[in-house]
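Take a look at the letters that make up each chain.
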Amino acid sequence: KQEVTQIPAALSVPEGENLVLNCSFTDSAIYNLQWFRQDPGKGLTSLLLIQSSQREQTSGRLNASLDKSSGRSTLYIAASQPGDSATYLCAVNTGANSKLTFGKGITLSVRP
Amino acid sequence: DARVTQTPRHKVTEMGQEVTMRCQPILGHNTVFWYRQTMMQGLELLAYFRNRAPLDDSGMPKDRFSAEMPDATLATLKIQPSEPRDSAVYFCASGLVRDGLSVAASTDTQYFGPGTRLTVL
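A quick note: this is a predicted structure, and the numbers were derived from the prediction, not measured.

What to know about the confidence of the model for chain A
Right, on to step 1. Summary statistics for chain A give a mean pLDDT of 92 and a share of 96% for residues scoring 70 or more.
Right, on to step 2. Per-element confidence in chain A ranges from a low mean pLDDT of 88 for strand 10 (residues 100–102) of chain A to a high of 98 for strand 8 (residues 72–77) of chain A.

Here it is in C-alpha cells:
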C-alpha cells in the first residue's frame, strides 16, 4: 500500500527565504507525482505535475524534483512571499485503480 | 473561468439524516472524483467516474454511501444514514483523460471544487 509522508507538518520562514518542502513515498512504481496548494477553506490547486520519466518541473518561482528510485520529491520555492502561505500537499499516482494518494501536507507560513 | 462547483458549501445535520452533496464538473471533463478530507486521515479518494461510469468506489463505505452521475453535468454523493464520524470536508474534482489513456497515465491534472463542509451532530 502506497504511503506518502510530508515532514514537517508546519513551517514558518521569513519573507525572501528560499525553502524546500519534502515528500517521500513508499512505492516507487508511480505514474506521476503532483504538488498541490490548498488555501484555508478552499479546494486544491495543482501547482506542478511530474511524470515518472521526468526529473523536474518548473513554474515561475516553483521547482519540483522527483527521484523515483529513492521515493522522494522536493518542492523548491524561491524568494518566498507572504502570499505563498498555504498548505502544500504532495500526491502520487500509482496506477493501482488510478488513485491519487495524498500526503497530509505541510502548512507554510511566510512572515513579512 | 471554468470551475468545479459544489453545493451546499456547508451542511449541519443530525445523526441518522440523509445528506446529499452535489457537484458540477467543468464542462467537457470526462472524469469526476469524490474525496474526503479530515485532520486525522488527510485526503482520501472515495470514488471516481469516467464518462459517467463508476470505475472505483472501493474507498467508500458501501453500506451508507452512494455516488452517482445522473448526467454529465451533475455528480452526487449521498450518505444515508449519516453518522458523526462522517463529519469532514468533501471535495469533488474533475479532469479530462484523453481516449486510450488510463487515468493513471494522464498528464492532465484534476481540478478541485471548493468543498462541502459536513458536520453531523
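That shown, we press on.
As for the packing of aromatic side chains
Right, on to step 1. On inspection of all chains with the given rule, the structure shows eight aromatic pairs over all chains.
Right, on to step 2. Ring geometry for Phe36 of chain A against Phe112 of chain B: centres 5.6 Å apart, planes inclined by 80°, an arrangement best described as edge-to-face. On the criterion of chain membership, the pair formed by Phe36 of chain A in strand 4 (residues 32–38) and Phe112 of chain B in strand 10 (residues 111–112) is interchain, its members lying in two chains. We note that Phe36 of chain A, like Phe112 of chain B, is buried.

What about the environment of Gly60 of chain A?
Residues and elements named next belong to chain A.
Right, on to step 1. Inspection of the secondary structure puts Gly60 in the loop between strand 6 (56–59) and strand 7 (62–67).
Right, on to step 2. With relative accessibility at 72%, the residue Gly60 sits in the exposed group.
Right, on to step 3. Measuring from C-alpha to C-alpha, the distance between Gly60 and Ser70 comes to 26 Å, with 10 residues separating the pair along the chain.

Quick look at the pattern of salt bridges
Proximity of charged atoms lets side chains of opposite charge pair with each other.
Right, on to step 1. Under the definition given, this model contains seven salt bridges over all chains.
Right, on to step 2. Close ionic contact of Asp39 of chain A with Arg37 of chain A constitutes a salt bridge, the shortest N to O distance being 3.0 Å.
Right, on to step 3. Glu83 of chain B is the partner of Arg85 of chain B in a salt bridge, and the nearest nitrogen-oxygen pair spans 2.5 Å.
Right, on to step 4. Residue classification places Arg85 of chain B among the exposed positions, given a relative accessible area of 62%.

Regarding the nonpolar core
In summary, soluble globular proteins display a tendency toward joint burial of nonpolar side chains.
Right, on to step 1. Leu21, Leu33, Trp35, Leu75, Ile77 and Tyr88 of chain A are the most contacted members of the largest nonpolar core, which has 23 residues in total.
Right, on to step 2. Residues contacting Tyr88 of chain A, with those up to four places away along its chain left out, are Gln6, Leu21, Trp35, Phe36, Arg37, Leu47, Leu75, Ile77, Gly105, Ile106 and Leu108 of chain A.
Right, on to step 3. Core analysis: the next-biggest nonpolar cluster, separate from the first, contains 22 residues, Cys23, Ala67, Met69 and Cys92 of chain B among them.

A look at the sheet that holds strand 3 (residues 19–25) of chain A
Residues and elements named next belong to chain A.
Right, on to step 1. Within the open sheet, the five strands sit side by side as 1-3-8-7-6. Their pairing is antiparallel. With partners counted over all chains shown, the strands left at the sheet margins are strand 1 (4–5) and strand 6, one partner each.
Right, on to step 2. Across six bridges, the pairing between strand 7 and strand 8 is antiparallel. Looking across to strand 8, one finds that Asp67 is bridged to Arg72.

About the criteria used
- Residues numbered from 1 in each chain as written.
- Chains lettered and ligands numbered in written order.
- Predicted model: local features only at pLDDT ≥ 70, side-chain atom pairs only at ≥ 80, totals over all residues.
- Heavy atoms only, no water.
- pLDDT = per-residue confidence, 0-100.
- Helix = DSSP H or I, 4+ residues; strand = E, 2+ residues; numbered from the N terminus.
- Phe/Tyr/Trp six-rings, centres within 6.5 Å; stacked < 30°, edge-to-face > 60°.
- Buried < 20%, exposed > 50% of the residue type's maximum accessible area, 1.4 Å probe, protein only.
- Salt bridge = Lys/Arg side-chain N within 4 Å of Asp/Glu carboxyl O.
- Core = buried A, V, L, I, M, F, W, Y, C linked by side-chain atoms within 4.5 Å.
- Contact = heavy atoms within 4.5 Å.
- Pairing = 2+ DSSP bridges.

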